[in-house]
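Overview (structure and organization)
If you want the building blocks of each chain, they are given just below.
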Amino acid sequence: MMNERLIVALDVSSQDEALKAVKDIGPSLRFVKVGMELFYSTGPEFIARLKDLDLKVFLDLKVHDIPNTAQRAIHVLSKLGCDMLNVHCSGGLAMMSQAQQALEGNTILIGVTQLTSTDQKVLNDQLGIPGTVKDSVLNYASLAKKAGLAGVVCSPHEVVQLKQTLGSDFITVTPGVRPAGGEVQDQKRVMTPGEAIAAGSDYLVVGRPIMGQSDRREAFERIVEEMEAAS
Ligand code: C5P
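So, a few notes on the structure that sits alongside this text. These figures come from a predicted structure and were not determined experimentally.

Let's shift gears to the site of the ligand. In the vicinity of the ligand lie 17 residues, with Asp-11, Lys-33, Arg-178, Gly-207 and Arg-208 positioned nearest. Within the contact set of the ligand, an oxygen atom lies 2.8 Å away from a side-chain nitrogen or oxygen of Lys-33. At 2.6 Å, a side-chain N or O of Arg-178 approaches an oxygen atom of the ligand. Contact with the protein chains removes 87% of the 470 Å² of surface that the ligand exposes when unbound. Secondary structure elements with two or more residues in the shell around the ligand: strand S3 (56-63), strand S8 (203-206) and helix H10 (208-211).

Next up, the structure:
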């Protein structure tokens, strides 16, 4: 069921707004992403509230610190009952493997490779990483796999090569998804929902193209239909 593979980014700053969005989208919504804005304003209790609504929760806090600190953070976050958590791959192998070992219950850990707002110019000129974005994503993803992580966050453009190199069961979670003709905003490496599914992406993360629409349910359903048509 494609609706289970569409993760809606609840990028709002209060519990009321988040719960309204869940209600607006309706019962086919199965998986939500809670990012820094919502988590920092509502606190850990809100994760339990979402779980009570029978939703899967991806807590997107992009942990990045020394291995011991990252490990302890991931340990307490996984005890909240989240289904998916993430760390930045740029934290390195030791940080990722210690974080992986700190997981409790059924939580899976994925690595953030390069943000989908990063293009080659930013990568080379600002971050000081030579080569293409794809090279860097592949390098980080290989490191994540070596550390035992379940998968990575990447742009849909990298999925085909990543699956070829690291295996089809290595999970890819892809933001940077924009319905055909929609506004791109600050995302740079974008694909349509159909293209992302056809490329082999396991989960699509979509925020503004649903959250910013007057009819959120219709926007969500339209994306699910696009995903279904491509599978
Ligand atoms: O509104 P939009 O569809 O661009 O939202 C994408 C979501 O995915 C945002 O919450 C953003 O923080 C997140 N994200 C991303 N790129 C990554 C990791 C997470 O856009 N590499």
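Further remarks concern the environment of Pro-175. Among the structural elements, Pro-175 can be located in the loop between strand S7 (171-174) and helix H9 (193-199). Judged by relative accessible area, Pro-175 falls into the buried class, the value being 16%. Expressed as a C-alpha distance, the spacing of Pro-175 and Val-190, which sit 15 residues apart in the sequence, is 8.1 Å. Residues in contact with Pro-175, not counting those within four places in the same chain, are Thr-116, Val-153, Cys-154, Ser-155, Pro-156 and Val-205.

Within S3, 6 of the 8 residues are buried, which leaves the element mostly enclosed by the surrounding structure. Relative to S3, strand S2 (residues 31-34) runs parallel, the two sharing 4 bridges. Within the sheet, the bridge partner assigned to Lys-33 lies in S3 and is Phe-58. Of the strand pairs in this sheet, S3 and strand S4 (residues 84-88) are connected by 3 bridges, and their pairing is parallel. Its bridge partner lying in S4, Val-63 is registered against Val-87.

At Asp-54, a residue that is not glycine, the phi angle is positive and equals roughly 70°. In the Ramachandran plot, Lys-62 falls in the positive-phi region, its phi being about 45° despite a non-glycine side chain. Turning to its location among the elements, Lys-62 is positioned in strand S3.

In this structure the tally under the stated criterion is 0 disulfides. Looking at Cys-82, it has no disulfide partner, and the nearest cysteine sulfur is the one in Cys-89, 18 Å off. Of the cysteine sulfurs around Cys-89, a residue in no disulfide, the closest is that of Cys-154, at 9.9 Å. Judged by relative accessible area, Cys-89 falls into the buried class, the value being 1%.

In this structure, Leu-6, Leu-10, Leu-50, Leu-59, Val-87, Leu-162 and Ile-210 are the most contacted members of the largest nonpolar core, which totals 63 residues. In terms of residue count, helix H7 (residues 133-146) provides more of this core than any other element does, 6 residues in total. In contact with Val-87, other than residues within four places in its own chain, are Lys-62, Val-63, Ile-74, Met-95, Met-96, Ala-99, Leu-109, Ile-110, Gly-111, Val-112 and Leu-149. Ranked by size, the runner-up nonpolar core spans 12 residues in total, among them Ile-7, Phe-58, Val-112 and Val-173.

Let's shift gears to the packing of helix H4 (residues 67-78) against helix H5 (residues 93-101). In the contact formed by H4 and H5, the axes pass within 8 Å of each other and the chain directions differ by 25°. The pairing of H4 with H5 is recorded here as roughly parallel in orientation. Considering the relative orientation of H4 and H5, their crossing is right-handed. Contacts between H4 and H5 involve Pro-67, Asn-68, Ala-70, Gln-71 and Ile-74 on the former and, on the latter, Ala-94, Met-95, Gln-98 and Ala-99. In terms of residue class, the contact of H4 with H5 is built from 6 nonpolar, 3 polar and no charged.

Strands in a sheet are paired, the pairing made by backbone hydrogen bonds, and the direction either parallel or antiparallel. The 8 strands are arranged S1-S2-S3-S4-S5-S6-S7-S8 in a closed barrel whose pairing can be described as parallel. Neighbour-to-neighbour, the strand axes of this sheet turn through a mean angle of 25°, independent of strand direction. H4 contacts S3, S4 and strand S5 (108-112) of the sheet and is inclined by roughly 165° relative to S3. Where H5 meets the sheet, its contacts fall on S3, S4 and S5, and the angle it forms with S4 comes to roughly 160°.

Conventions adopted
Residues numbered from 1 in each chain as written. Predicted model: local features only at pLDDT ≥ 70, side-chain atom pairs only at ≥ 80, totals over all residues. Heavy atoms only, no water. Near = heavy atom within 4 Å. Polar contact = N/O pair within 3.5 Å; in protein donor to acceptor, adjacent residues only side chain to side chain. Areas by Shrake-Rupley, 256 points an atom, 1.4 Å probe, with all protein chains shown as cover. Helix = DSSP H or I, 4+ residues; strand = E, 2+ residues; numbered from the N terminus. Buried < 20%, exposed > 50% of the residue type's maximum accessible area, 1.4 Å probe, protein only. Contact = heavy atoms within 4.5 Å. Pairing = 2+ DSSP bridges. Disulfide = S-S within 2.5 Å. Core = buried A, V, L, I, M, F, W, Y, C linked by side-chain atoms within 4.5 Å. Axes fitted to C-alpha atoms, helices over the stretch in contact; angles between N-to-C directions. Parallel < 35°, antiparallel > 145°, perpendicular 65-115°, else oblique. Left-handed = near helix turned anticlockwise from the far one by under 90°. Nonpolar A, V, L, I, M, F, W, Y, C, P; charged D, E, K, R; others polar.

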